[in-house]
Amino acid sequence: MNASIIFVLLIVLMLTGMPISISLGLTVLTFLFTMTEVPVQSVALKLFTGIEKFEIMAIPFFILAGNFLTHGGVARRMIRFASAMIGHWHGGLGLAGVMACALFAAVSGSSPATVVAIGSVILPAMVKQGFPNKFGAGILTTSGSLGILIPPSIAMVMYSVSTNTSVGAMFIAGVVPGLMLAACLGFTTWFIARKNNYPRLPKASWGERWTAFRESIWGLLLIVVVMGGIYSGIFTPTEAAAMAAVYAFVVAVFIYKDLDLKRIPKVLLDSASMSAMLLYIITNAVLFSFLMTSENIPQAMADWMINQGFGPVAFLLVVNVLLLLAGNVMEPSSIILILAPILFPVAIKLGIDPIHFGILIVVNMEVGMCHPPVGLNLYVASGITKMGISELTVAVWPWLLTMLIFLGVVTYVPSISLWLPHLLMK
């Protein structure tokens, strides 16, 4: 009964058009102060202790690093390197876009940042070379979502914070699925380009490839700094995020010299604004999770599902459907912070690995970012391509279908997510 009241109240507040973070906070406060005798002090205390976790500090640092790289010419050099390597295949620049998104994802941690950084450079070049606008838009909208699957990933940090799972283990687990999805999106791009005989770039010489690699090396080294530092034990994921921000600043300002010192305050303000928004959502989501736990709702759900005879296969199917539906009305950070603490205890009771479950949620979030009505990547791509949302939705469907097939494979083949963590953490 209490669970019904809480969720009805939350949905009603969200339907009024109120921001999700405020809807969460008001739901908790209304229920606690009218239906329970929880003291006000415990709510205030939970607000502060909820974001005291050291791992949460990784979020503003990764956002700052991504913003420095977006403004600092790193994306342009990665595109040049990708074009030199695979531009001579069918759909050359499109394939280079997929590869550049995968490379940039490995240094930014954000999907919208990846779409903006790569899309704003490569889309005009694709149109100029004779590719249809829809083809380029479809590639960039979906490939940009690799930003939250290929580590480092802000979405993974949020999952780890809300379920007390290891951030480092999540980052390791994202490597193989991220590369596999990039390959699948690349294959779809190649297949469509070959079928329609889209243009190809001239094959680059090994000298040109070496030059492109040398120019992009400082950006690519950030992958080594972050991932190498974490897995070698030199620093924690949070410390790696701080290192990434400092490194990205040095590369953008002093090595590539694409970012003027006069523009630094704007980058800092943009990063602070985005970080504040995410931290505010996290704070209210922590309160909501506290209410769920105090009312024993996740445990009751777990017991009900097990009593209904739900095994891991049926449960994971329900989770996928639920997350895809949630992706229609909410953005990824809110979905992870609201639903992960509720679904996580059920998954554990059914014997599902917490790392595999985390990767499953992140892949669902990727799909949600590429379809309407609130697909964030669609809106970002719409701003770059000047295409309407309905037109973009039609453009992305071949790649979106590829992502849905990949989601099914990742869901029921846990070894894709768990092979590398088990190998490195023996």
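Reading the values: the criteria
In this numbering scheme, every chain counts its residues from 1 along its sequence in written order. In keeping with the model being predicted, local features are shown solely for residues with a pLDDT of at least 70 and side-chain atom pairs are shown and tallied solely at 80 or more, while totals for entire chains, interfaces and linings include all residues. Where side-chain values are given, they derive from all heavy atoms of the structure, hydrogens and water being excluded. UniProt positions are given in the numbering used here, feature names are shortened, and annotations may be inferred rather than shown by experiment. Think of it this way: any DSSP run of H or I at least four residues long counts as a helix, any run of E at least two long counts as a strand, and we number them from the N terminus. With C-alpha atoms as the basis for the radius of gyration, the globule rule is written as 2.2 Å multiplied by the number of residues raised to the power 0.38. Buried means the residue's accessible area, taken with a 1.4 Å probe over protein chains only, is under 20% of the maximum for its type, while exposed means over 50%, and partly exposed covers the values in between. Only heavy atoms matter for contacts: two residues are in contact if any of them lie within 4.5 Å across the pair. All accessible areas in this document rest on Shrake-Rupley with a 1.4 Å probe, and a residue is counted as covered only by the protein chains that are shown. A pair of Phe, Tyr and Trp rings is counted when the ring centres sit within 6.5 Å of each other, with Trp represented by its six-membered ring. The angle between the planes then sorts it: under 30 degrees is stacked, over 60 is edge-to-face, the rest tilted. A pairing counts as a salt bridge when a side-chain nitrogen of Lys or Arg comes within 4 Å of a carboxyl oxygen of Asp or Glu. Without a salt bridge and with relative accessible area above 30%, a residue can belong to a patch; like charges are then joined within 9 Å and nonpolar side chains (Val, Leu, Ile, Met, Phe, Trp, Tyr) within 5 Å. Here, axes are lines fitted to C-alpha atoms. For helices the fit covers the stretch in contact, and angles between N-to-C directions go from 0 to 180 degrees. Should an angle lie under 35 degrees it is considered roughly parallel, over 145 roughly antiparallel, and from 65 to 115 roughly perpendicular; all remaining angles are considered oblique. We call a crossing left-handed when the near helix sits turned anticlockwise from the far one by less than a right angle, and right-handed when that turn is clockwise. Residue polarity is assigned by list, with Asp, Glu, Lys and Arg as charged and Ala, Val, Leu, Ile, Met, Phe, Trp, Tyr, Cys and Pro as nonpolar; anything else, Gly included, falls into the polar class. Here, the term disulfide refers to a pair of cysteine sulfur atoms separated by no more than 2.5 Å. For our purposes a nonpolar core is just a set of buried Ala, Val, Leu, Ile, Met, Phe, Trp, Tyr and Cys residues, chained together by side-chain atoms within 4.5 Å.

Looking at an unreviewed UniProt entry, one finds the protein chain named TRAP transporter large permease protein, with Roseateles aquae as its source organism. For the protein chain, the Subunit (unreviewed entry) comment in UniProt is given as "The complex comprises the extracytoplasmic solute receptor protein and the two transmembrane proteins." Listed in UniProt under the heading Subcellular location (unreviewed entry), the comment for the protein chain reads: "Cell inner membrane".

Whenever I open this one, the overall build of the protein chain confuses me. Can you help?
Scanning the protein chain from terminus to terminus reveals 20 helices and 0 strands. The C-alpha radius of gyration of the protein chain comes to 22 Å, within 12% of the 22 Å expected for a compact globule of 426 residues. Summarising its shape, the C-alpha atoms of the protein chain cover approximately 70 × 50 × 45 Å along the three principal directions. Out of the 426 residues belonging to the protein chain, those deemed buried represent 54%. Put simply, 78% of the contacts in the protein chain that link residues at least 6 apart link residues at least 24 apart. Summed over its atoms, the accessible surface of the protein chain is roughly 17,700 Å², and 71% of this surface lies on carbon and sulfur atoms.

Explain the packing of aromatic side chains to me, please; I cannot follow it from the model alone.
How two aromatic rings sit relative to each other is given by the distance of their centres and the angle of their planes. Under the counting rule described, the total for this entry stands at 14 aromatic pairs. Taking 6.3 Å as the distance between ring centres and 70° as the angle between the ring planes, the aromatic pair formed by Y159 and F344 counts as edge-to-face. Here the residue Y159 occupies a position in helix α9 (residues 154-163), and F344 occupies one in helix α16 (residues 332-349), the gap between them amounting to 185 residues. In this pair, the class of Y159 matches that of F344, namely buried. Three or more aromatic residues joined by ring pairs form one cluster here, namely F131, F135, Y198 and W399.

Looking at this structure, how should I read the pattern of salt bridges?
Pairs may arise between side chains of opposite charge once their charged atoms sit close together. Tallied over the full model, the rule gives 4 salt bridges. For the salt bridge of E215 with R80, the shortest nitrogen-to-oxygen distance reads 2.5 Å. On the criterion of sequence distance, the pair formed by E215 in helix α11 (residues 206-231) and R80 in helix α5 (residues 74-86) is long-range, its members being 135 residues apart. The exposure class assigned to E215 is partly exposed, which follows from its relative accessible area of 32%. Each of the salt bridges in this network shares a partner with another, and the network as a whole consists of R76, R77 and D258.

Quick question: what am I supposed to make of the environment of P341 here?
Here P341 lies in helix α16. For the pair P341 and F288, spaced 53 residues apart in the sequence, the C-alpha separation amounts to 9.6 Å. Not counting chain neighbours up to four residues away, the residues in contact with P341 comprise S162, S289, P298 and I336.

Please clarify how a nonpolar patch on the surface should be interpreted in this entry.
Side chains of V313, L317, V321, L325, V394, W397, L401, L404, I405, V409, Y412 and V413 sit close together on the surface and give an oily, nonpolar patch of about 1,100 Å² of accessible area. Take the nonpolar patch: its biggest share by element is 7 residues, from helix α19 (residues 389-412). Its location among the elements puts V321 in helix α15 (residues 312-326). Note on V321: relative accessible area 44%, which makes it partly exposed.

Honestly, the packing of helix α10 (residues 167-196) against α11 in this entry has me stumped. Any pointers?
Helix packing geometry: the angle between the two helix axes and the distance between the axes. Where α10 meets α11, the closest approach of the two axes is 10 Å, and the angle between their N-to-C directions is 125°. By the angle between their axes, α10 is oblique relative to α11. Our pair here, α10 against α11, has a crossing hand that is left-handed. The residues of α11 that touch α10, namely those facing G168, F171, I172 and V175, are M227, I230 and Y231. Of the residues in the contact of α10 with α11, the class split is 6 nonpolar, 1 polar and no charged.

How should I be thinking about the state of the cysteines in this particular structure?
Simply put, the disulfide is a covalent bond whose two ends are the sulfur atoms of two cysteines. By the definition in use, this model includes 0 disulfides. Cysteine C101 is unpaired, with the sulfur of C370 as its nearest cysteine sulfur at 11 Å. Among the residues examined, C370 registers a relative accessible area of 0% and is labelled buried.

I'm lost on the nonpolar core in this one. Help?
The tendency in soluble globular proteins is for nonpolar side chains to be buried as a group. Of all hydrophobic cores here, the largest spans 147 residues; its most connected members are I118, F135, F288, F315 and F357. Contact partners of F357, with chain neighbours within four places excluded, come to Y159, F315, L316, V319, L343, F344, A347 and I352.

Would you take a moment to explain the packing of α15 against α19 for this structure?
Between α15 and α19, the least distance of the axes is 10 Å, while the angle of their chain directions is 145°. Where α15 crosses over α19, the handedness of that crossing is right-handed. Between α15 and α19, the contacting residues are V313, L316, L317, N320 and L324 on the first element and L404, L407, T411 and Y412 on the second. Partitioning the contact of α15 with α19 into residue classes produces 7 nonpolar, 2 polar and no charged.

How do you make sense of the side chain of T402 when you look at a structure like this?
The residue T402 is located in helix α19 in this model. For T402, the contacting residues outside a window of four places in its chain are C184, L185 and T188.

Explain the environment of N133 here, please?
By the secondary structure assignment, N133 is in helix α8 (residues 133-143). A relative accessible area of 31% means that N133 is categorised as partly exposed. In the structure, N133 is positioned 262 residues away from A395 in sequence and 9.0 Å away in space, judged by C-alpha atoms. With residues near it in sequence (within four places) discarded, N133 still touches V127, T385 and M387.

Sorry, what's going on with unusual backbone geometry here?
Glycine aside, residues mostly have negative phi angles, and peptide bonds mostly take the trans form. Cis geometry is adopted by the peptide bond preceding P152, which originates at P151 and carries an omega value of 0°. Within the secondary structure layout, P152 lies in the loop between α8 and α9. With a phi close to 60°, K386 is a non-glycine residue in the positive phi region. Mapped onto the fold, K386 is located in the loop between α18 (376-385) and α19.

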